[in-house]
Number of protein chains: 4
Amino acid sequence: MEARRVEALADGVFAIAMTLLVLELHVPQLATSTPEGELMQGLLHAWPNFLTYAGTFLLLGVLWIGHHNQFHYVRRVNRRFLWLNILFLMCAGFMPFCTALLGTYIHSRVAATLYGVSIFTTTLVLYAIWRYAARNGLLSHEATPEVVRAAGDRILIGLAGLVVGLGVSLVNAPMGLVVYIAVPLSYLRQSEIDRHLTAGHAHDAQ
Amino acid sequence: MEARRVEALADGVFAIAMTLLVLELHVPQLATSTPEGELMQGLLHAWPNFLTYAGTFLLLGVLWIGHHNQFHYVRRVNRRFLWLNILFLMCAGFMPFCTALLGTYIHSRVAATLYGVSIFTTTLVLYAIWRYAARNGLLSHEATPEVVRAAGDRILIGLAGLVVGLGVSLVNAPMGLVVYIAVPLSYLRQSEIDRHLTAGHAHDAQ
Amino acid sequence: MEARRVEALADGVFAIAMTLLVLELHVPQLATSTPEGELMQGLLHAWPNFLTYAGTFLLLGVLWIGHHNQFHYVRRVNRRFLWLNILFLMCAGFMPFCTALLGTYIHSRVAATLYGVSIFTTTLVLYAIWRYAARNGLLSHEATPEVVRAAGDRILIGLAGLVVGLGVSLVNAPMGLVVYIAVPLSYLRQSEIDRHLTAGHAHDAQ
Amino acid sequence: MEARRVEALADGVFAIAMTLLVLELHVPQLATSTPEGELMQGLLHAWPNFLTYAGTFLLLGVLWIGHHNQFHYVRRVNRRFLWLNILFLMCAGFMPFCTALLGTYIHSRVAATLYGVSIFTTTLVLYAIWRYAARNGLLSHEATPEVVRAAGDRILIGLAGLVVGLGVSLVNAPMGLVVYIAVPLSYLRQSEIDRHLTAGHAHDAQ
């Protein structure tokens, strides 16, 4: 069994889940026929939907990049690994619902908690995939113990950030969303893994 | 004609059908503006939708893995084989409707039966694809008679499980759904095919 | 510019257009809570939606196979060729709307005509792609004049069948749909092109 | 990290965003049961939806071709480059909403402006991706300074056209849409880049 098709399914599910988010943005239904002011107000009123669209797109983006980086090292797959991936995709595929819920009820702690628990679970499964692959010899020799530890630690830091977001959301739901979105943005900085990969590619190119 | 593009279309249809399932989860429409208790109740009330989401995701996952494993052996395709694959995708693409129907009417035997017949038909077509490929010389030499029989038998066992689920659903619809979901979960255990594939890959890696 | 990514986009659009068809199947909204008889009637009443789902899935399937077969011969692409492909995908991507319209108004000649014109136009663009590629040297040497003519003729025969369907739909809309669906089914028989391809692959395998 | 999977995600998001556009075309809900005249009128009345469907499909098509052409030269990627791509996809994935809004309120300057700003931003991010890749050594040696400049200039010309469209839309919203659509159509003509690519491929084929 090749890792290639798992990547294809994952790319598909992520592309679709990310694109489906737009379906939760609804055209305001207005009474008048030339509704400039009313339409502007309707759009401004829908700010939670735009914010959750952008936030979930970023969160799914960082998860996709994480999965993408892991598969750089995956050399073979087995059935349990496939199932962990399907569980991962099931959690990621659930995010559009959480996004719609939070976009509709932005001040609800219930909605913010469900959103946070879902993104936390998805990230946790990504961590489980990495640990499972490392412990069961599914990774290539490029995945040295240092790489395995560093990549795992990066996910753990993200999980810690999401737990903080969950705590904040119990006090103030929109603020919790801001923390959730801040987590992927913090990944923008270059990391040890990146340097390893860049070095490896630079080496390949020589 | 290459098998590669059939795989791409199949990956696409499965990724989309699996991801579209989330569209059947609707945000509860509530009267009050800060609806914590009401929202929690609305979500708990929607348990059939969450259960059918997870169940169909798993069922489509196991079908995708099965198709994926078959294509490990497919070396060439012909027109009839392509059409069997399109029929397979048509059946798989129909599952989101059955999922929405059963999620809405979880106690309906009509909904549970349509769901069961649909997943049974999809699995049956997967079996027909395998048999057709084996009988018409579309498989590689790796597909020894033992592999062909073992892979076919695994699908037949799944079909038997789905027939049991259909029988149960005529008595109790939600219980039938539980049986349907139990079928893919039973595939989690390693199988003869897996061992063959793992052995083959281990051999490749040497 | 490589043909590979055009194929990827086409596979994506077809997979999505085919899978989106299921969204046009709506769960019947019923009054009673244990609605066995009512639900059964609601489903039987929706037969036009199920028929158009299956029919469009088949029609898009045959167009996808046709496009797939063409790309077996495409060796390079240019900008005009890309645009013809985007036009092709635009037409194919329009089919879910025509399907929903005809599924809702199965006896309407307007709906049947729009459906027929859309599928005719999509097929015509597929023919234009093939002719353009042949005349501008985008095909490989495998595409002998005989192959180019035979493949073109097959599309022309399909176009003729769709014109017959259009004529029938002006008299009786559902009967016109039956003719439209009969066209792709007629492609099930093996053709000269298939024999060429099979022979080529058999040769490759030796 | 390979460029291949970024391409796969981009192909997926574009294929989905383009195909989702059809979901914004709604079947007219009519009172009578054999509604030939009424249905025809309903369809004619929906011309803004059909126009925005075709227009956005073309605009996303030209952006996809542009992205596709860029990746012909991309030899390696880094984290910032990945994030620019996700930002690009986030903007492209937002277009179905703008399309639905403008299709519903075709005479609204607010809707036309949001549409124009969104497509302008998406194109601007495509320009940023190209500049970033060129300045950070992510391109292959084929991307000579002439190619980098010519490809950048082509995007700048498109951006200038979109600014004109934005200005027009403030006076007359539907006319602004016509300008937006005219921009991708102007790309149909062969360009310097195409000639370079065609020459390169012709060379490869020798």
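Residues numbered from 1 in each chain as written. Chains lettered and ligands numbered in written order. Predicted model: local features only at pLDDT ≥ 70, side-chain atom pairs only at ≥ 80, totals over all residues. Heavy atoms only, no water.

Moving on: the overall build of chain A. Scanning chain A from terminus to terminus reveals eight helices and zero strands. Here chain A holds 206 residues, and 62% of them are scored as buried. Residue pairs at least 24 apart in sequence account for 78% of intrachain contacts in chain A once pairs closer than 6 positions are excluded. Of the roughly 8000 Å² of accessible surface on chain A, a fraction of 64% belongs to carbon and sulfur atoms. (Helix = DSSP H or I, 4+ residues; strand = E, 2+ residues; numbered from the N terminus. Buried < 20%, exposed > 50% of the residue type's maximum accessible area, 1.4 Å probe, protein only. Contact = heavy atoms within 4.5 Å. Areas by Shrake-Rupley, 256 points an atom, 1.4 Å probe, with all protein chains shown as cover.)

Between chain B and chain A, which share one sequence, the superposing operator has a rotation angle of 90° and an axial displacement of 0.0 Å; the RMSD is 0.0 Å. Taken together, the turn and the small shift mark the pair as related by a four-fold rotation axis. In this assembly the copies use different faces: only 7% of the residues contributing to the interface of chain B also contribute to that of chain A. (Least-squares fit on C-alpha atoms with pLDDT ≥ 70 in both.)

Any two packed helices are characterised by how steeply their axes cross, that is the angle between the axes, and by the distance between the axes. All names here are of chain A. In contact at an axis separation of 9 Å, helix H5 (residues 109–135) and helix H6 (residues 145–171) are set at 170° when each is read in the N-to-C sense. Taken together, H5 and H6 sit at an angle that is classed as roughly antiparallel. Residue composition of the contact of H5 with H6, by class: 20 nonpolar, five polar and one charged. (Axes fitted to C-alpha atoms, helices over the stretch in contact; angles between N-to-C directions. Parallel < 35°, antiparallel > 145°, perpendicular 65-115°, else oblique. Nonpolar A, V, L, I, M, F, W, Y, C, P; charged D, E, K, R; others polar.)

Tallying the contact residues gives 46 residues for chain C and 36 residues for chain B. Our count for the chain C to chain B interface comes out at six residue pairs in polar contact (both at pLDDT 80 or more). Within the residue set of the side of chain C that touches chain B, elements represented by two or more residues are helix H1 (3–20), helix H2 (36–45), helix H3 (47–71) and helix H8 (192–205) of chain C. With 13 residues, the top contributor of residues to the side of chain C that touches chain B is H3(C). Across the side of chain C that touches chain B, the residue classes tally to 28 nonpolar, 12 polar and six charged. (Polar contact = N/O pair within 3.5 Å; in protein donor to acceptor, adjacent residues only side chain to side chain.)

Before going further, it helps to spend a moment on the relation of the copies chain C and chain B. For the pair of chain copies, the relating operation is a rotation around an axis with a shift along it. Mapping chain C onto chain B calls for a screw motion: a turn of 90° about the axis and a shift of 0.0 Å along it, with 0.0 Å RMSD after fitting. With a heterologous cut-off of 20% or less, the 7% of interface residues of chain C that recur at the interface of chain B puts this contact in the heterologous class.

The next point concerns the pattern of salt bridges. All names here are of chain A. Inspection of every chain in the model, using the stated rule, returns four salt bridges over all chains. One salt bridge in this structure joins Glu142 and Arg75, with 3.8 Å as the shortest N-O distance. Linking Glu142 in the loop between H5 and H6 with Arg75 in the loop between helix H3 (47–71) and helix H4 (79–104), this pair joins segments that are 67 residues apart in sequence. Judged by its relative accessible area of 49%, Arg75 is partly exposed. (Salt bridge = Lys/Arg side-chain N within 4 Å of Asp/Glu carboxyl O.)

Okay, helix H5 (residues 109–135) of chain B next. Over its 27 residues, H5(B) extends 38 Å from the first C-alpha to the last, a length consistent with the 39 Å expected when each residue adds 1.5 Å. Of the residues one or two after H5(B), Gly137(B) is the one with positive phi, at around 65°. (Expected span 1.5 Å × (residues − 1).)

Along the chain, the position of Ser140(D) falls in the loop between helix H5 (109–135) and helix H6 (145–171). Apart from residues lying up to four places away in sequence, Ser140(D) is in contact with Tyr73(D) and Arg75(D).

Next up on the list: the confidence of the model for chain A. Residue and element names in this part refer to chain A. Looking at chain A as a whole, the pLDDT averages 84, with 87% of positions reaching at least 70. Per-residue pLDDT, averaged within each element of chain A, yields its smallest value for helix H8 (residues 192–205) (53) and its largest for H5 (94). The low-confidence segment residues 202–206 (pLDDT under 50) makes zero contacts with residues lying over four places distant or belonging to another chain. (pLDDT = per-residue confidence, 0-100.)

As a further point, take the interface of chain B and chain A. With 46 residues of chain B at the contact, the number on the chain A side is 36 residues. Note on chain B versus chain A: buried area summed over both sides is about 3800 Å², and carbon and sulfur give 71% of it. Where chain B meets chain A, there are zero salt bridges. Linking chain B to chain A there are five residue pairs in polar contact (both at pLDDT 80 or more). Here the side of chain B that touches chain A gets 13 residues from one element, more than from any other, and that element is helix H3 (residues 47–71) of chain B. (Buried area = accessible area lost by both parts, 1.4 Å probe.)

So, about the nonpolar core. It is characteristic of soluble globular proteins that their nonpolar side chains tend to be buried jointly. Phe14(A), Phe14(B), Phe14(C) and Phe14(D) are the most contacted members of the largest nonpolar core, which totals 311 residues. For Phe14(A), the contacting residues outside a window of four places in its chain are Leu60(A), Leu63(A), Trp64(A), Phe88(A), Leu89(A), Ala92(A) and Leu9(D). (Core = buried A, V, L, I, M, F, W, Y, C linked by side-chain atoms within 4.5 Å.)

For an α-helix the count is 3.6 residues per turn, leaving residues at separations of three or four pointing the same way. The terminal C-alpha atoms of H3(A), which comprises 25 residues, lie 36 Å apart, in line with the 36 Å expected from a rise of 1.5 Å per residue. With respect to burial, H3(A) is a largely interior element, 19 of its 25 residues being buried.

Below, the discussion takes up the environment of Leu138(B). All names here are of chain B. Counting through the fold element by element, Leu138 comes out in the loop between H5 and helix H6 (145–171). C-alpha of Leu138 to C-alpha of Val77: the two residues are 61 residues apart in sequence and 6.2 Å apart in space. In this structure Leu138 touches Tyr73, Val74, Arg75, Arg76, Asn78, Phe81, Tyr132 and Ala133, once residues within four positions along its chain are discounted.

Another aspect to go through is the packing of aromatic side chains. Inspection of the entire model under this criterion finds 32 aromatic pairs over all chains. An angle of 50° between the planes, with centres 5.7 Å apart, marks the rings of Tyr53(B) and Phe57(B) as tilted. With Tyr53(B) and Phe57(B) both in helix H3, this residue pair falls four residues apart, about one helical turn. Given a relative accessible area of 4%, Tyr53(B) falls into the buried group. Taking 5.7 Å as the distance between ring centres and 25° as the angle between the ring planes, the aromatic pair formed by Tyr115(C) and Tyr180(C) counts as stacked. Of this pair, Tyr115(C) sits in helix H5 (residues 109–135) while Tyr180(C) sits in helix H7 (residues 173–186), and the two are 65 residues apart along the sequence. Chaining the aromatic ring pairs together yields one cluster made of Phe50(A), Tyr53(A), Phe57(A), Phe94(D) and Phe97(D). (Phe/Tyr/Trp six-rings, centres within 6.5 Å; stacked < 30°, edge-to-face > 60°.)

Okay, the state of the cysteines next. Residues and elements named next belong to chain B. Scanning the entire structure with this criterion turns up zero disulfides over all chains. No disulfide involves Cys91; its nearest neighbouring cysteine sulfur is the one of Cys98, lying 9.7 Å away. Overall, Cys91 belongs to the buried group, its relative accessible area being 15%. (Disulfide = S-S within 2.5 Å.)

Here we take up the environment of Gly158(C). Residues and elements named next belong to chain C. Looking at the element boundaries, Gly158 is found in helix H6 (residues 145–171). On the basis of relative accessibility, which here comes to 4%, the residue Gly158 falls in the buried class. With 25 residues separating them along the chain, Gly158 and Val183 place their C-alpha atoms 6.2 Å apart. Apart from the residues lying within four places of it in its own chain, the contact partners of Gly158 are Val183 and Tyr187.

All right, on to the environment of Arg135(C) then. Here Arg135(C) lies in helix H5. For the pair Arg135(C) and Leu60(C), spaced 75 residues apart in the sequence, the C-alpha separation amounts to 26 Å.

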